[in-house]
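Observations on the model geometry
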Amino acid sequence: MSLPAVLTAAGSSPSPTPSESSTTTVPTLQDAQESAAHTASWVEQNWSTWLAIGLKVLLVVVIAVVLRKVVLRAITKFIDRMNRTAESAEGTTLGGLLVNAERRRQRSQAIGSVLRSVASFLILGTAALMVLSSFQIDLAPLLASAGVAGVAIGFGARNLVTDFLSGVFMILEDQYGVGDSIDSGVASGEVVEVGLRVTKLRGANGEIWYVRNGEIKRIGNLSQGWATAGVDVTVRSNEDLDRVRATLDEVAEKMAKEEPWNEVLWGPIEVLGLDSVLIDSMVVRVSAKTMPGKALTVERELRWRIKRAFDAAHIRIVGGETAVLLNEEPPDPTAAVAAPSAFSNTDSPQVAATAPIASPRSSAAGK
């Protein structure tokens, strides 16, 4: 192909022009007017729905806030009334014996805290679900996820949940409180603080025990109701029982009339009788119903008074091995030894009479 032909063919092909290149479309004023018209129409069609949703959400929030405030205020008044009742009972004699202000105060505070937390969770949780449902949100997946999360948390923190629930029921049922002496199985002592998860005890040696409420399987409260003071008096078996009883009755009557034992004793001191009888002694049982937690104090005072009264009445108290009085002669140590027997002497007639008789064959063989 010749060069002119090539140039002719190249000149015949169309060349690109600026008019045929891609250009950006600029919106016109008419397009803007149409878009604004469509937006205004959509807003006009849906404004009533938005207003209804907004009013519903606002109403739910207002009702939840007002209801929560009313409920919390009612709980606070209820707790204050409990405290006032405890303070009014504290001034009376019976109230001073049965009511502990600190115990009632901590118990009321714990109950109030639990009730406030439960009320706030229920009211605010219900309000949140109602707000989400107002926006046409499907709550089924959310509730299912919350259920799965709750189960997972329950398995992971089962000990914490157990401790919390046990503490709530212990406080609500008033099983024990501050100042009570209890035996919780794992530890025993005086209750210093009662919490929803841990109970703090002070032991007999002053140590502090932190006991988880979920670990307490049984509780022995030594400060509720009344206590029993019992004293065993051991005397010699040859004492006059009527004189012993008369001395004990005199001690009991005198102690019941004196301060402060007339308030500590909730019943008469009774001589129950012989508890056991041995060869060289016998035990007389004395018992009394006392104020809770005062049994040991009453027992110590009873022992003190009984010892002094018995010394004055020349009644001897014994215990363990029988002691020998100074004014009595010591027993003869050979009194319990048997007399020598005639058979112990081999030359005695008794031994000769009991000797076996020799047989004829043995005598013949000897000859």
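For clarity, every value in this text was computed on a predicted model and none was experimentally measured. (Residues numbered from 1 in each chain as written. Predicted model: local features only at pLDDT ≥ 70, side-chain atom pairs only at ≥ 80, totals over all residues. Heavy atoms only, no water.)

1. Quick look at a nonpolar patch on the surface
A contiguous nonpolar surface patch, about 340 Å² in accessible area, is contributed by Leu 58, Val 62, Val 66 and Val 70. Following the sequence through the fold, Val 66 ends up in helix α2 (residues 29–90). (Patch = residues over 30% accessible without salt bridge, like charges linked within 9 Å, V, L, I, M, F, W, Y side chains within 5 Å. Areas by Shrake-Rupley, 256 points an atom, 1.4 Å probe, with all protein chains shown as cover. Salt bridge = Lys/Arg side-chain N within 4 Å of Asp/Glu carboxyl O. Helix = DSSP H or I, 4+ residues; strand = E, 2+ residues; numbered from the N terminus.)

2. Quick notes on the side chain of Glu 239
Topologically, Glu 239 is positioned in the loop between β6 (227–236) and α7 (241–257). Residue class for Glu 239 comes out buried when judged on its relative accessible area of 10%. If we ignore the near neighbours within four places in the chain, the residues touching Glu 239 are Val 244, Met 282, Ile 315 and Arg 316. (Buried < 20%, exposed > 50% of the residue type's maximum accessible area, 1.4 Å probe, protein only. Contact = heavy atoms within 4.5 Å.)

3. Some points on unusual backbone geometry
Looking along the chain, the bond that leaves Glu 259 and enters Pro 260 is cis, with omega of -5 degrees. Tracing the chain through its elements places Pro 260 in the loop between α7 and α8 (261–264). Despite not being glycine, His 314 shows a phi value in the positive range, around 60 degrees. Here His 314 shows up in the loop between α9 (295–312) and α10 (349–353).

4. Overview of the sheet that holds strand β8 (residues 281–290)
Pairing is antiparallel in the open sheet, where 3 strands are placed in the order β6-β8-β7. Two strands bound the open sheet, and with one partner strand each, they are β6 and β7 (270–277). The sheet shows a mean angle of 25 degrees between the axes of neighbouring strands, taken without regard to direction. As paired elements, β6 and β8 share 10 bridges and run antiparallel to each other. (Pairing = 2+ DSSP bridges. Axes fitted to C-alpha atoms, helices over the stretch in contact; angles between N-to-C directions.)

Nothing here speaks to function; it is geometry throughout.
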